[in-house]
Amino acid sequence: MTEEKKETTETGKPKVAFHDITGCQGCVLSVIFNEDELLDIINAVDIKEFRFIMGEKYDGPLDICFIEGAVVNKEDEEMVKKLRERSKVVVALGACATHGNIPSLKNWADPKNLERLQYQKKHEQMIDVPNPMPITKFIKVEYSLPGCPPDRDEIKKFVKEILLGKQFYSYPDPVCRECRLFENGCLLDEGKVCLGPITRGGCRAVCCHNGFECYGCRGITDDAQFEEYFKLMEEKGIDATTVKKHMETFAGVEINEALEKIQEGKWAKLH
Ligand code: SF4
Ligand code: SF4
Ligand code: SF4
């Protein structure tokens, strides 16, 4: 064992890794973009793997492993399974890991469009797992920090609470609750498809507060009222197919499963 390794294993701090499979790296970058936050995290834990800030490889046991990205091929699947075996706590970091996000759009895309859009040369290699899925479909995770990218303050709060031995709870209420605090007008009244009423908040309604519809990047609330939401949108003159397409952008895997359960496929067949 090198002196450096010996020193870090003797720190008594939790061993932590930040990993990314198929994604845009926006989630892990959201951890390092704010230097003060990064320093807080580095001081509190023993970071063993984080390819953006350290080159050293480590394949030992981990206390906490953050994983960004969706599983889109066999390599991703094997990677998350290995990380699971090595880690006491796995955290799905960001909407790709928690909900499949943009990669999972392939599940509902017209195959003809996919052939046109994919890099032809790599086509066969890239599609050995036909349906891109969140990591939660392949391994058990202890925690999910959703969002595209996840909220930096929430990551920091999560690390603090876990280090203090507390249980971390996701924000339970819909985006509308936080949005209303800003006292803005509601985008639904402008005929826009805003998913705030059925989407888990905790992002301070950042999109709606800046005039953009919520696309549901933090996934659905535990008690999302789909029937009421579709009815409300219909009253606004927006058909269910359009609404469902918005829903599928970030959290389609979860949305389709939820709709299948409540309506025996009625909503899932909309397109
Ligand atoms: S959740 Fe968003 S920011 Fe994170 S990897 Fe996926 S696309 Fe990038
Ligand atoms: S703009 Fe969206 S998030 Fe805000 S209150 Fe209206 S529906 Fe809810
Ligand atoms: S407002 Fe909606 S889309 Fe925007 S960050 Fe929050 S959950 Fe994501």
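Since the structure is predicted, the reported quantities are computational estimates derived from the model, not experimental observations.

## Remarks on the packing of aromatic side chains
Phase 1 of the analysis: Using the criterion set out here, one finds six aromatic pairs in the structure.
Phase 2 of the analysis: On the basis of an interplanar angle of 5° and a centroid distance of 4.6 Å, the ring pair of F18 and F66 is categorised as stacked. Of the two residues, F18 sits in strand 1 (residues 15-20) while F66 sits in strand 3 (residues 62-68), which places them 48 residues apart along the sequence.
Phase 3 of the analysis: Here the aromatic rings of F158 and F168 are separated by 5.2 Å at their centres, their planes lie at 80°, and the arrangement is edge-to-face. Linking F158 in helix 8 (residues 152-163) with F168 in the loop between helix 8 and helix 9 (175-181), this pair joins segments that are ten residues apart in sequence. The same class applies to F158 and to F168, which are both buried.
Phase 4 of the analysis: Members of the aromatic cluster, each reached through a chain of ring pairs, are F18, F50, F66, Y143, F158 and F168.
Phase 5 of the analysis: R51 extends its terminal NZ or CZ atom over the ring of F52, reaching a point 5.1 Å from the ring centre.

## Considering the side chain of H19
Phase 1 of the analysis: As for its position among the elements, H19 is in strand 1.
Phase 2 of the analysis: Not counting the four nearest positions on each side in its chain, H19 is found in contact with V28, E49, C65, F66, I67, E68, M79 and L83.

## Remarks on the site of ligand 3
Phase 1 of the analysis: Surveying the vicinity of ligand 3 reveals the residues V175, T199, C203, V206, C207, C214, Y215, G216, C217 and R218.
Phase 2 of the analysis: Of the residues belonging to the shell around ligand 3, the class tally is seven nonpolar, two polar and one charged.

## Considering empty space enclosed by the protein
Phase 1 of the analysis: Under the criterion given, the structure shown has one cavity of 30 Å³ or more.
Phase 2 of the analysis: One number sums up the size of the largest cavity: a volume of about 40 Å³.
Phase 3 of the analysis: For the lining of the largest cavity, the elements supplying multiple residues, two or more each, are strand 1, strand 3 and helix 8.
Phase 4 of the analysis: Residue composition of the lining of the largest cavity, by class: eight nonpolar, no polar and no charged.

## Here's the deal with helix 4 (residues 74-86)
Phase 1 of the analysis: Its 13 residues give helix 4 an end-to-end C-alpha distance of 19 Å, which sits within 8% of 18 Å, the value for a rise of 1.5 Å per residue.
Phase 2 of the analysis: Of the positions making up helix 4, those classed as buried are D76, E77, V80, L83, R84 and R86.
Phase 3 of the analysis: Against strand 1, strand 2 (46-50), strand 3 and strand 4 (87-93) lie the buried residues of helix 4.
Phase 4 of the analysis: Among the residues of helix 4, the N-terminal cap falls to N73, whose side-chain oxygen and the backbone nitrogen of E75 are separated by 3.2 Å.

## Re the pattern of salt bridges
Phase 1 of the analysis: All told, the structure shown has 18 salt bridges when counted by the stated rule.
Phase 2 of the analysis: Between R218 and E154 there is a salt bridge, and its shortest N-O distance comes to 3.1 Å. One end of the pair, R218, is in the loop between helix 10 (206-209) and helix 11 (226-235); the other, E154, is in helix 8, with 64 residues separating them in the sequence. You'll find R218 and E154 in the same group, each marked buried.

## Some remarks on a nonpolar patch on the surface
Phase 1 of the analysis: Together, L39, I42, F52 and I53 make up an exposed nonpolar region whose accessible area comes to about 320 Å².
Phase 2 of the analysis: Residue placement: F52 occurs in the loop between strand 2 and strand 3.
Phase 3 of the analysis: Its relative accessible area of 34% is what places F52 among the partly exposed residues.

## Some thoughts on unusual backbone geometry
Phase 1 of the analysis: With an omega of -5°, the peptide bond between C148 and P149 qualifies as cis.
Phase 2 of the analysis: On the secondary structure map, P149 appears in the loop between strand 5 (143-145) and helix 8.
Phase 3 of the analysis: A positive phi angle is found at R204, which is not glycine, with a value near 60°.
Phase 4 of the analysis: Counting through the fold element by element, R204 comes out in the loop between helix 9 and helix 10.
Phase 5 of the analysis: You will see that A205, though not glycine, has its phi angle at about 50°, which is positive.
Phase 6 of the analysis: Secondary-structure assignment places A205 in the loop between helix 9 and helix 10.

## Some remarks on the site of ligand 1
Phase 1 of the analysis: Every residue near ligand 1 is listed here: G23, C24, G26, C27, E68, G94, A95, C96, N101, G147, C148 and P149.
Phase 2 of the analysis: Every element with two or more residues in the shell around ligand 1 is listed here: helix 2 (26-32) and helix 5 (95-99).
Phase 3 of the analysis: Residue classes in the shell around ligand 1 are distributed as six nonpolar, five polar and one charged.

## As for the sheet that holds strand 1
Phase 1 of the analysis: In spatial order, the strands read 2-1-3-4-5; together these five strands make up an open sheet with parallel pairing. Sheet topology places strand 2 and strand 5 at the edges, where each strand pairs with a single neighbour. Averaged over all neighbouring strand pairs, the angle between strand axes comes to 20°, with direction disregarded.
Phase 2 of the analysis: Inspection of the sheet shows strand 1 paired to strand 2 by four bridges, in the parallel sense. Bridge pairing in strand 2 places K15 opposite D46.
Phase 3 of the analysis: Across the sheet, helix 4 lies against strand 1, strand 2, strand 3 and strand 4, angled at about 135° from strand 4, the strand it touches most.
Phase 4 of the analysis: Across the face of the sheet, helix 8 comes into contact with strand 3, strand 4 and strand 5 while running at roughly 155° to strand 5.

The rules we used
- Residue positions are counted from 1 within each chain, in the order its sequence is given.
- For this description, chains carry letters from A and ligands carry numbers from 1, given in the order in which they are written.
- For a predicted model such as this one, the threshold for reporting local features is a pLDDT of at least 70, and the threshold for listing and counting side-chain atom pairs is 80 or more; totals across whole chains, interfaces and linings nevertheless cover every residue.
- The side-chain figures draw on all heavy atoms in the structure; neither hydrogens nor water molecules are used.
- Classification of ring pairs rests on two measures: the distance between centres of Phe, Tyr or Trp rings, Trp counted by its six-membered ring, which must be within 6.5 Å, and the angle between planes, read as stacked under 30 degrees, edge-to-face over 60 and tilted in between.
- Put simply, DSSP H or I for four residues or longer makes a helix, DSSP E for two residues or longer makes a strand, and each gets a number counted from the N terminus.
- Only protein chains enter the calculation, and the probe is 1.4 Å; a residue is then buried if its accessible area is under 20% of its type maximum, exposed if over 50%, and partly exposed in between.
- Any Lys NZ or Arg CZ found within 6 Å of a ring centre and within 35 degrees of that ring's normal is scored as a charge over the ring.
- In what follows, residue pairs with any heavy atoms lying within 4.5 Å of each other are defined as contacts.
- Whether a residue is near a molecule or strand is decided by its heavy atoms; if any one of them lies within 4 Å of it, the residue is near.
- For this scheme, ten residues count as nonpolar: Ala, Val, Leu, Ile, Met, Phe, Trp, Tyr, Cys and Pro. Four count as charged, namely Asp, Glu, Lys and Arg, and the remainder, Gly too, count as polar.
- The rule is simple: put a 1 Å grid over the protein atoms alone, call a set of points where a 1.4 Å probe fits but cannot get out a cavity, call an open set with protein on both sides within 12 Å along at least five of seven lines a pocket, and count a residue as lining if it has an atom within 4 Å of a point.
- Grid points are joined across faces, edges and corners, and a volume is the space filled by probe spheres set on the points.
- By this rule the span expected of a helix is its residue count minus one, scaled by 1.5 Å.
- Pairing of N or O atoms within 3.5 Å defines a polar contact, subject to two protein rules: one partner must be a possible hydrogen donor and the other a possible acceptor, and residues neighboring in sequence count only if both atoms are side-chain atoms.
- We define a salt bridge as a side-chain nitrogen of Lys or Arg found within 4 Å of a carboxyl oxygen belonging to Asp or Glu.
- Surface patches are drawn from residues lacking salt bridges whose relative accessible area is over 30%; two like charges belong together within 9 Å, two nonpolar side chains (Val, Leu, Ile, Met, Phe, Trp, Tyr) within 5 Å.
- Where accessible areas are quoted, they stem from the Shrake-Rupley method and a 1.4 Å probe; at the residue level, only the protein chains shown are allowed to cover.
- Any two strands are treated as partners once DSSP identifies two or more bridges connecting them.
- Axis definition: a line fitted to C-alpha atoms, over the contacting stretch in the case of helices. Angles run 0 to 180 degrees between N-to-C directions.

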